[in-house]
Amino acid sequence: MKPTNYILLLSTFICTLFGCSEEFTPSIQETSREAVLIAELEIAAEFVELSVSSTFSNTEEAYFPNDDELTSDNRPRLSNLKPDGQKGIALRFQSNQHKEKTPTWISASFIFKEGDEISLSANLEVVNMQNIYATTRAPYAGTFEETSGTAEIDSKGDYRFTVRLSDLVDDEDYYHLIPYTASSSTAANKNHLDLSVSTAGNALLFKPAHMDGILIDIDRTDAAKEFSITIPASEIISNNPSHIYLKLKTVTKEYYDYHKSLSFQLESQQGPFDAPIPTVSNVERGQGLFTAYATRMDSIAVN
């Protein structure tokens, strides 16, 4: 064996045995900020409301562009995409006095109905982010076909009642059922209630970790579509209400998928080497959610 080949072979053996490598220095990949849009528009509401911010790291805070930066053609704009719909309705910035609340963009003049397609665009180059664009469809509202009317109290003191829901017009629409107590169904101060739901049918039930209520993926082969709901006694005793109000939101697929992904992220507590759970988004060149929903109300008497 030639001396040079022997030296190379010996070097390879020593490195394999004792680990010859340079000291590893982890590097942080630089990423540019992306716009984050959160907009859940209620059909027939008095005004629309949405927030525009940015992605941020552990050492940063979210950035919220304001009216001084997004003026004129740069501010968020809504359009109803039907032929006779409103186009390019500019939103105005509304700051909040309480720091814990997110500043929003609002418009009292934008009108849309069930079945309409709507879009949002914002020119964010002036704040060093990409221009964003998103579209959604306003779903047709499902309804309460029947409720038990009055909550029964079981042996544990919990409140039980049933609701039967209608089919939905679109196969990709879902329900979000939210129970609460208040002085009236339209009162600003609401006490949202914890709940458990069961069904004899094949509908899929998902209870989000980050928001009230339960998401329901209706089974269209189930003729009854009946759901048994239990409210723990501890949720009711404290305020002694006369009714439990039920808010039934008919939501789109992007709403359902977005909130499921957020909930999975919170529940997974994923480690640094786990496969990441991505946040589902329908915002082009950005992140977040742009969606519309329809609402129906009902109530259950509490004895």
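Now for a description of the structure that goes with this document. (Residues numbered from 1 in each chain as written. Predicted model: local features only at pLDDT ≥ 70, side-chain atom pairs only at ≥ 80, totals over all residues. Heavy atoms only, no water.)

Notes on the layout of surface pockets
Applicable threshold: Put simply, the grid is 1 Å and covers the protein atoms alone, a cavity is a trapped set of points that fit a 1.4 Å probe, a pocket is an open set with protein on both sides within 12 Å along at least five of seven lines, and lining residues have an atom within 4 Å of a point. Grid points are joined across faces, edges and corners, and a volume is the space filled by probe spheres set on the points. For helices the rule is a DSSP run of H or I covering at least 4 residues; for strands it is a run of E covering at least 2, with both sets numbered from the N terminus onward. Throughout, the ten residues Ala, Val, Leu, Ile, Met, Phe, Trp, Tyr, Cys and Pro are labelled nonpolar, Asp, Glu, Lys and Arg are labelled charged, and all others, Gly among them, are labelled polar.
Taken as a whole, the second largest pocket holds about 520 Å³ of empty space. Contributing elements (two or more residues each) for the lining of the second largest pocket: strand 1 (35-42), strand 2 (48-54), strand 12 (174-181), strand 18 (243-251) and helix 3 (253-268). Broken down by element, the residue count for the lining of the second largest pocket peaks at 4 residues, all from strand 1. Of the residues in the lining of the second largest pocket, the class split is 8 nonpolar, 3 polar and 7 charged.

Focus on the pattern of salt bridges
Where we set the bar: Salt bridges are identified by distance alone: a Lys or Arg side-chain nitrogen within 4 Å of an Asp or Glu carboxyl oxygen. Between buried and exposed lies partly exposed: a residue is buried under 20% and exposed over 50% of the maximum accessible area for its type, with that area taken using a 1.4 Å probe on protein chains only.
A complete count under the given rule lists 15 salt bridges for this structure. Between Asp 67 and Arg 75 there is a salt bridge, with the nearest N and O atoms lying 3.2 Å from each other. Residue class for Asp 67 comes out partly exposed when judged on its relative accessible area of 28%. For the salt bridge of Arg 160 with Asp 154, the shortest nitrogen-to-oxygen distance reads 2.7 Å.

Points about the nonpolar core
Basically, it comes down to this: For our purposes a nonpolar core is just a set of buried Ala, Val, Leu, Ile, Met, Phe, Trp, Tyr and Cys residues, chained together by side-chain atoms within 4.5 Å. Residue contacts follow a heavy-atom distance rule, with two residues in contact if any of their heavy atoms lie within 4.5 Å.
The biggest cluster of nonpolar side chains holds 30 residues, and the ones touching the most others in it are Leu 37, Leu 41, Leu 50, Leu 78, Phe 112, Leu 124 and Phe 290. If you list the elements that add at least two residues to this core, you get strand 1, strand 2, strand 7 (117-122), strand 8 (132-137) and strand 19 (286-301). For this core, the leading source of residues is strand 1, giving 4 residues. Residue contacts for Leu 50: discarding those within four places in its chain leaves Leu 37, Ile 38, Ala 39, Leu 91, Thr 104, Trp 105 and Leu 120. Phe 144, Leu 177, Ile 218 and Leu 246 belong to the second largest nonpolar core, which has 25 residues in total.

Some remarks on the sheet that holds strand 8
Let me state the cut-off plainly: A pair of strands is treated as paired once DSSP finds two or more bridges between them.
With antiparallel pairing, 4 strands are arranged side by side in an open sheet as 4-3-7-8. Both edges of this open sheet fall to strand 4 (89-90) and strand 8, since each of them pairs with a single strand only. Sheet analysis places strand 3 (residues 77-80) next to strand 7, joined by 4 bridges and oriented antiparallel. Bridge assignment links Asn 80 to a residue of strand 7, and that residue is Ile 118.

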